[in-house]
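Listed below are the residues making up each chain.
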Amino acid sequence: MNNVSVIQAQNLKKVYGHKQEKKYMALQDVSLEVAAGDFVGVMGASGSGKTTLLNMLATFDRPTSGTVRIAGKDVTALKGNALADFRAQQMGFIFQDFNLLDNLTIAQNISLPLSLQGKTSKIKRSVREIAESLGIKDLLDKYPAQLSGGQKQRVACARALINKPQILFGDEPSGALDSKAARSLLELLQKINSEQKTAILLVTHDAFSASFCRRIIFIKDGQIGHELVRQPGQSRVEFYQLILEQLGTFEQ
Ligand SMILES: Nc1ncnc2c1ncn2[C@@H]1O[C@H](COP(=O)(O)OP(=O)(O)OP(=O)(O)O)[C@@H](O)[C@H]1O
């Protein structure tokens, strides 16, 4: 990991509710930095603002005020094609429900970001490389309906990583998986993070998933509360225990 920030968010505020509607402040003055190559978890009770924060950082929604820089670029100032291009080149996304397209093959699903950008000459080689490194080479000619949940999420990871993004965002990516497939996905994310140096930001309410991260940010009522950092030499299980303790004190 180096010291360059892949995410710099400053004074983010998000107020929901249009003109006549009741206003709700889901984020109040949140600032955070994620260093290149870091692996960060965002935790908090239901309704605390985790998804709202992710949506601001991942450019799915705009903050009411404040700025978000991704790889040094102020994404709150980007719009239309410029935003779509920047997102396609610098960011990857994985979601709880995989978001694969059912009528495309696995190879076509994985290559979608390249096809949309017109990078057709790179497709075959890039798909083969990423499928090999994620252990899904034998699935390329199948369709999503023929895959298990764990396999689908690996395919979603391959699609998210095909452009070699600086940051991978995950919103409860193991939420729909059984415990074995969840562990396998989290081990894969850890491998991607350590070998490819892709920064990962994971929103989760689950301490097991969070224990694979290096650093956990806890949100409460739209504000950042405590942070936990896994110390060198600390085992994942020890870190898991600490997260559980923190959740206990935090939710009282
Ligand atoms: N589009 C919206 N309009 C109005 N209020 C919203 C909207 N989206 C979220 N909220 C409110 O903002 C608060 C934060 O929601 P958010 O989805 O970010 O929480 P969360 O921590 O991700 O919760 P969960 O773990 O249940 O998914 C909640 O009180 C929610 O009801």
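Quick caveat: nothing in here was measured; it's all calculated off a predicted structure.

Participant: What's the story with the site of the ligand in this structure? I'm lost.
Facilitator: Taken together, Tyr16, Tyr24, Ala26, Ala45, Ser46, Gly47, Ser48, Gly49, Lys50, Thr51 and Thr52 make up the full set of residues adjacent to the ligand. At 2.7 Å, a side-chain N or O of Lys50 approaches an oxygen atom of the ligand. Side-chain polar atom of Thr52 to an oxygen atom of the ligand: 2.5 Å apart, as the coordinates give it. Bound to the protein, the ligand loses 57% of the 640 Å² it would expose on its own. If you list the elements that add at least two residues to the shell around the ligand, you get strand S2 (24-35) and helix H1 (50-57). Examining the composition of the shell around the ligand, we find that three residues originate from one element, H1, more than from any other. When the residues that make up the shell around the ligand are grouped by side-chain class, the tally is four nonpolar, six polar and one charged.

Participant: Explain the sheet that holds strand S1 (residues 5-16) here, please?
Facilitator: The pairing of strands in a sheet comes from backbone hydrogen bonds and takes either a parallel or an antiparallel form. In spatial order, the strands read S2-S1-S4-S5; together these four strands make up an open sheet with antiparallel pairing. Strand pairing shows two members of the sheet lacking a second neighbour, S2 and strand S5 (73-74), which therefore form its edges. Here strand S4 (residues 65-70) runs beside S5; their pairing, made up of two bridges, is antiparallel. Each residue of the ladder has a partner; that of Ile70, found in S5, is Lys73. Of the strands in this sheet, S1, S2 and S4 are in contact with H1, which crosses S1 at around 125 degrees.

Calculation criteria
- Residues numbered from 1 in each chain as written.
- Predicted model: local features only at pLDDT ≥ 70, side-chain atom pairs only at ≥ 80, totals over all residues.
- Heavy atoms only, no water.
- Near = heavy atom within 4 Å.
- Polar contact = N/O pair within 3.5 Å; in protein donor to acceptor, adjacent residues only side chain to side chain.
- Areas by Shrake-Rupley, 256 points an atom, 1.4 Å probe, with all protein chains shown as cover.
- Helix = DSSP H or I, 4+ residues; strand = E, 2+ residues; numbered from the N terminus.
- Nonpolar A, V, L, I, M, F, W, Y, C, P; charged D, E, K, R; others polar.
- Pairing = 2+ DSSP bridges.
- Contact = heavy atoms within 4.5 Å.
- Axes fitted to C-alpha atoms, helices over the stretch in contact; angles between N-to-C directions.

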